[in-house]
Every structure is written in C-alpha cells, then in structure tokens.
Amino acid sequence: MNIFVKDSQINIAVFCSGSGSNAQKIFEYFRDRKDVNIVATMCNKKDAYALERAKKFNIPTRVFNKEEFAHSDVIVNELKALKTDWVILAGFLWLIPDRLLEAFPGKIINIHPALLPAYGGKGMYGMYVHQAVLDAKEKQTGITVHYINENYDEGEIIFQAACDIGDCYSPEMVAKKVQSLEHQHYPRIIDELITQSIKG
Ligand code: GRF
C-alpha cells in the first residue's frame, strides 16, 4: 500500500464487502477536506466493486482474508501503521473481532439499513432486511448509524432517520428509499462524529 499520512489529520479506514455506494459517498464528501484523510479501503472480497470506486479516488485498497482479519493482528497492525483514528464500516459483512474492538475502542461505526433494534442481527443484511420489513407490514423503515460492539447490530445508536414505505411492494423499492437516506446522512454523521473527537 502507498502510505501517506499526516499527523494533523483525522485518518479513517473504510471497510466494505460489496458495491460500496456508501463508501463512494464518503469518498466524495471528504475528497477536498484537508483535515480528514481516507487512509485505506479495506475489503474481504477481491471482486467487490467498492475497490474500483476507491481506485478512482486514488484511495489505497487492501483485500484481506479471514485469517488476517480475525485470527491474527495483521490487519490491526496495518491500521495502526496507517495511524487510523476511525474505522468506518460501509457494507462490511464480517463480525468485528475483539482484537479490532480493543484496538479502536469507541471508534468503529456502522450503518444498518433499518431502524435498529428491529431487523438487525446475524443474517439481517441487504434484501433480507427489506423483505422482513415488508413481511411485517411496516409502514416505515429507515437507517441506523451505530457503534460496533461484539454482537451484530447491537452497539449504541448514534443516529436514525426514517422513511415511509406504505407505497412499497417489493424489497427493491424499499432498498431504493433506504439507500437514498443512507447517502444523504452517513457522510455527514461521520463528519460530525470524527471532528468532535479529540485526537489522542
Ligand atoms: C447498506 O445498505 C448499509 O446500510 C449496509 O450495507 C449496505 C451497503 O451498501 N450495512 P453499499 O455497498 O454501500 O452500496
């Protein structure tokens, strides 16, 4: 990886597993910011489109395997070498291991495509979430930005926004509304959070 890190900046690493549309919005949002630097896009899937998006923004990419991520300190050490302050999950599907939680206490956040604590937990991702919401005949769904802890989707909630889905009859229709909310809010919430924090 190309390593270029300035101490005066807040450094964030973005973790993805798939398309990376939220990552793209984060890249766009922070592109011209002198005080925030995206040090890497970290990914567990070598063919994830998120990697292409990162390359277009000249953001270093790193594809890793389960052993490196969950059963060794390889990834934690790389993040530390990059002087990472915040770990931002944007469609990253693996559970975060204790070693990463311990290395970045209170500094790992995620976005979930529903109003937690409803419709969260293992297996609740992508269209599974939206189908479950429709099956329950909900009239609203939304997004949740939350801290990460040792369980899927159970960390402290930072921000939520809701949208009406009374007119939606397919998970794809729900996904479109939810994605629009995600793109509208996630970069701004990240910004508020990280710039409020005092660099240690
Ligand atoms: C988003 O819906 C996000 O809430 C969830 O994973 C999805 C990622 O989508 N955690 P994308 O890869 O950012 O398009």
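Parameters at a glance
Residues numbered from 1 in each chain as written. Predicted model: local features only at pLDDT ≥ 70, side-chain atom pairs only at ≥ 80, totals over all residues. Heavy atoms only, no water. Phe/Tyr/Trp six-rings, centres within 6.5 Å; stacked < 30°, edge-to-face > 60°. Buried < 20%, exposed > 50% of the residue type's maximum accessible area, 1.4 Å probe, protein only. Helix = DSSP H or I, 4+ residues; strand = E, 2+ residues; numbered from the N terminus. Lys NZ or Arg CZ within 6 Å of the ring centre and 35° of its normal. Polar contact = N/O pair within 3.5 Å; in protein donor to acceptor, adjacent residues only side chain to side chain. Contact = heavy atoms within 4.5 Å. Near = heavy atom within 4 Å. Areas by Shrake-Rupley, 256 points an atom, 1.4 Å probe, with all protein chains shown as cover. Nonpolar A, V, L, I, M, F, W, Y, C, P; charged D, E, K, R; others polar. Core = buried A, V, L, I, M, F, W, Y, C linked by side-chain atoms within 4.5 Å. Arc of directions from axis to C-beta. Pairing = 2+ DSSP bridges. Right-handed = clockwise from strand over helix to strand, strands pointing away.

## Describing the packing of aromatic side chains
As enumerated under the stated definition, the model contains twelve aromatic pairs in all. Look at Phe64 and Phe69: their rings are 5.2 Å apart centre to centre, the planes differ by 20°, and that puts the pair in the stacked class. This pair shows no difference in class: Phe64 is buried, exactly as Phe69 is. Residues Phe69 and Phe92 carry aromatic rings whose centres are separated by 5.4 Å and whose planes lie at 75° to one another, so their mutual orientation is edge-to-face. Here Phe69 is found in helix H3 (residues 66–70), whereas its partner Phe92 is found in the loop between strand E4 (86–89) and helix H5 (98–103), with 23 residues between them in sequence. Like Phe69, the residue Phe92 is buried in the burial classification. By way of ring pairs, the aromatic residues Phe15, Phe64, Phe69, Phe92 and Trp94 are connected into one cluster. Lying across the ring of Trp94, Lys66 places its NZ or CZ 4.5 Å from the centre.

## Re the side chain of Thr84
One can find Thr84 in the loop between helix H4 (74–81) and E4. Within the structure, the side chain of Thr84 is placed 2.8 Å from the backbone oxygen of Leu79, a separation counted as a polar contact. The residues touching Thr84, leaving out its near neighbours within four places in the chain, are Asn11, Ala13, Val39, Leu79 and Phe104.

## A word on the site of the ligand
Around the ligand, the neighbouring residues are Ser19, Gly20, Ser21, Asn22, Gly91, Ile111, His112, Pro113, Gln179 and Glu182. Ile111 places a main-chain nitrogen or oxygen 2.7 Å from a nitrogen atom of the ligand. Note that an oxygen atom of the ligand is positioned 3.5 Å from one of the backbone N or O atoms of Pro113. When the free accessible area of the ligand is taken as 370 Å², the share hidden by the protein chains comes to 79%. Only helix H1 (21–30), strand E5 (108–112) and helix H7 (171–196) provide two or more residues apiece to the shell around the ligand. Considered class by class, the residues forming the shell around the ligand number two nonpolar, seven polar and one charged.

## A short note on the nonpolar core
One finds Ile12, Val14, Ile26, Ile88 and Tyr186 to be the most contacted residues of the largest nonpolar core, which totals 40 residues. In terms of residue count, the dominant contributor to this core is H7 (eight residues). Among residues more than four places away in sequence, those in contact with Ile12 are Ile26, Phe30, Val36, Asn37, Ile38, Val39, Ala40, Trp86, Ile88 and Ile194. Of all hydrophobic cores here, the second largest spans 21 residues; its members include Ile75, Leu82, Leu89 and Ile108.

## Brief notes about helix H2 (residues 49–56)
Residues Ala50, Leu51, Arg53 and Ala54 constitute the buried set of H2. For H2, the angular spread of buried residues about the axis comes to 160°, placing them on one side. Where H2 is buried, its residues meet strand E1 (10–16), H1, strand E2 (36–43) and strand E3 (61–63). Phi turns positive one or two residues past the end of H2, at Asn58, with a value near 55°.

## Some points on the pairing of E4
Remark: a regular strand shows side chains that alternate across the two faces of the sheet. Residue alternation in E4 divides its side chains into two sets, Trp86 and Ile88 and Val87 and Leu89, and both sets are buried. Where E1 and E4 come together, four bridges link them in parallel fashion. Bridge pairing in E4 places Val14 opposite Ile88. Pairing geometry for E4 and E5, over two bridges, is parallel. If you follow Ile88 over to E5, its bridge partner there is Ile109. Each parallel crossover has a hand, and for E4 linked through H5 to E5 it is right-handed.

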